[in-house]
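# Descriptive structure summary
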Amino acid sequence: MRAVSDLDLDKYDADKQVKIICLGDSAVGKSKLMERFLMDGYRPQQLSTYALTLYKYSSTINGQTVLVDFWDTAGQERFRSMHPSYYHKAHACIMVFDVQRKITYKNLPIWYKELREYRPEIPCLVVANKIDADTKVTQKNFSFAKKQGLPFYFVSAADGTNVVKMFKDAVQMALSYKRNSNDFMDEVMRELENFDLDTKEESSDKDEETQEGKPDSA
Ligand SMILES: Nc1nc2c(ncn2[C@@H]2O[C@H](COP(=O)(O)OP(=O)(O)OP(=O)(O)O)[C@@H](O)[C@H]2O)c(=O)[nH]1
Ligand SMILES: [Mg+2]
């Protein structure tokens, strides 16, 4: 088994190579989302059976090939803390919770705090997964993302809803961050404000959180 420190992190300095990490409680669907997105044509490359999985993705954007490494872990999540090298040189973060388990939403501030300790500036997408399990859930107002000024996505790894859009945005944001440009991020934020997902408007100002920024378990 290779230790994370053995990985060649310098490669992420190359122009068109980005690293995107995934955070969130255990069983929210991080791995299933990656598998859903990468299913056709890209096979996950497993570096370690229990510590870290690296999913390789390449895409041609404006005639240029972009290489993306999606980092995914298992196991450590239960401590809600990652090894610093997990964050090292990451260009974007996908932060996932499970709409079926409120606690995973309430834990987002813990993940977000640690992310910002290591990577204060990188784009971070907030992802509500498993919306297939409850069609009404998209009417709920999960305000954490809005409060933090982060892009928010309702997705389902099971039926694929919004998965490609979310990942493609993540790649673009990572590239845009690498180029020190906020243009794409601004564009996405504008677009998501008008994004409808074929459902009703979110109307209520009600919050899923009981205490702002204070999860009820730590
Ligand atoms: N209904 C439904 N179930 C899902 C969805 N995504 C994942 N699951 C289920 O949730 C469970 C956990 O998914 P994983 O992708 O393994 O979760 P994870 O976040 O990678 O979990 P760890 O590796 O333990 O951190 C599995 O049983 C999946 O089948 C989804 O969109 N809808
Ligand atoms: Mg996993």
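As shown above, the structure is provided for reference.
Let me begin by describing the structure that accompanies this report. (Residues numbered from 1 in each chain as written. Chains lettered and ligands numbered in written order. Predicted model: local features only at pLDDT ≥ 70, side-chain atom pairs only at ≥ 80, totals over all residues. Heavy atoms only, no water.)

## So, the packing of helix α1 (residues 30-38) against helix α6 (residues 163-178)
Between α1 and α6, the least distance of the axes is 10 Å, while the angle of their chain directions is 95°. By the angle between their axes, α1 is roughly perpendicular relative to α6. Across the interface between the two elements, Leu-33, Met-34, Arg-36 and Phe-37 from α1 touch Val-163, Val-164, Phe-167 and Lys-168 from α6. Taken together, the residues that form the contact of α1 with α6 break down as 6 nonpolar, no polar and 2 charged. (Axes fitted to C-alpha atoms, helices over the stretch in contact; angles between N-to-C directions. Helix = DSSP H or I, 4+ residues; strand = E, 2+ residues; numbered from the N terminus. Parallel < 35°, antiparallel > 145°, perpendicular 65-115°, else oblique. Contact = heavy atoms within 4.5 Å. Nonpolar A, V, L, I, M, F, W, Y, C, P; charged D, E, K, R; others polar.)

## Notes on the packing of aromatic side chains
Applying the stated criterion across every chain yields a total of 16 aromatic pairs. Ring centres of Phe-142 and Phe-152 lie 6.3 Å apart, and the angle between their planes is 35°; this geometry places the pair in the tilted category. On the criterion of sequence distance, the pair formed by Phe-142 in the loop between β6 (124-129) and α5 (144-148) and Phe-152 in strand β7 (residues 152-154) is long-range, its members being 10 residues apart. A single burial state applies to Phe-142 and to Phe-152, both of which are buried. Taken together, Phe-97, Tyr-105, Phe-142, Phe-152 and Phe-154 form an aromatic cluster joined through their ring pairs. The ring centre of Trp-71 lies 3.6 Å from the NZ or CZ of Lys-19, which sits over that ring. (Phe/Tyr/Trp six-rings, centres within 6.5 Å; stacked < 30°, edge-to-face > 60°. Buried < 20%, exposed > 50% of the residue type's maximum accessible area, 1.4 Å probe, protein only. Lys NZ or Arg CZ within 6 Å of the ring centre and 35° of its normal.)

## Some details on unusual backbone geometry
Most peptide bonds take the trans configuration, and most residues that are not glycine carry a negative phi. Positive phi outside glycine occurs at Lys-89, with the angle close to 65°. A positive phi angle, near 75°, is found at Lys-130, a position not held by glycine. Along the chain, Lys-130 falls in the loop between β6 and α5. Look at Lys-130 and you get partly exposed, because its relative accessible area is 25%.

## Side note on the nonpolar core
Judged by nonpolar contacts, the single largest core of 64 residues is most densely connected at Phe-70, Ile-94 and Met-95. The dominant element in this core, judged by the number of residues it contributes, is α6, at 8 residues. With near-sequence residues (within four places) excluded, Met-95 lies in contact with Leu-23, Leu-108, Trp-111, Tyr-112, Cys-124, Leu-125, Val-126, Val-127 and Phe-144. (Core = buried A, V, L, I, M, F, W, Y, C linked by side-chain atoms within 4.5 Å.)

## A look at the site of ligand 1
In the vicinity of ligand 1, 17 residues are found, and the nearest of them are Ser-26, Ala-27, Lys-30, Asp-132 and Ala-157. At 2.6 Å from an oxygen atom of ligand 1 is found a side-chain nitrogen or oxygen belonging to Ser-26. Contacts to ligand 1 include Ala-158, whose backbone N or O atom sits 3.0 Å from an oxygen atom. A per-element tally of the shell around ligand 1 places α1 first, with 3 residues. Here the shell around ligand 1 is composed, by residue class, of 5 nonpolar, 6 polar and 6 charged. (Near = heavy atom within 4 Å. Polar contact = N/O pair within 3.5 Å; in protein donor to acceptor, adjacent residues only side chain to side chain.)

## Structural notes on the side chain of Asp-25
As for its position among the elements, Asp-25 is in the loop between β1 (17-23) and α1. Here Asp-25 falls in the buried class, since its relative accessible area comes to 4%. At 2.8 Å, the side chain of Asp-25 and the side chain of Trp-111 are in polar contact.

## What to know about the pattern of salt bridges
Counted according to the given criterion, the structure contains 7 salt bridges. Here Lys-32 ties to Glu-35 by a salt bridge, and the two come within 3.6 Å at their closest N and O atoms. With Lys-32 and Glu-35 both in helix α1, this residue pair falls 3 residues apart, about one helical turn. Since its relative accessible area comes to 53%, Lys-32 is described here as exposed. In this structure Glu-35 comes out as partly exposed when scored by relative accessible area, which is 32%. In this structure, Arg-101 and Asp-98 form a salt bridge, with 3.1 Å as the shortest nitrogen-oxygen distance. Through salt bridges with shared partners, a single ionic network connects Asp-98, Arg-101 and Lys-130. (Salt bridge = Lys/Arg side-chain N within 4 Å of Asp/Glu carboxyl O.)

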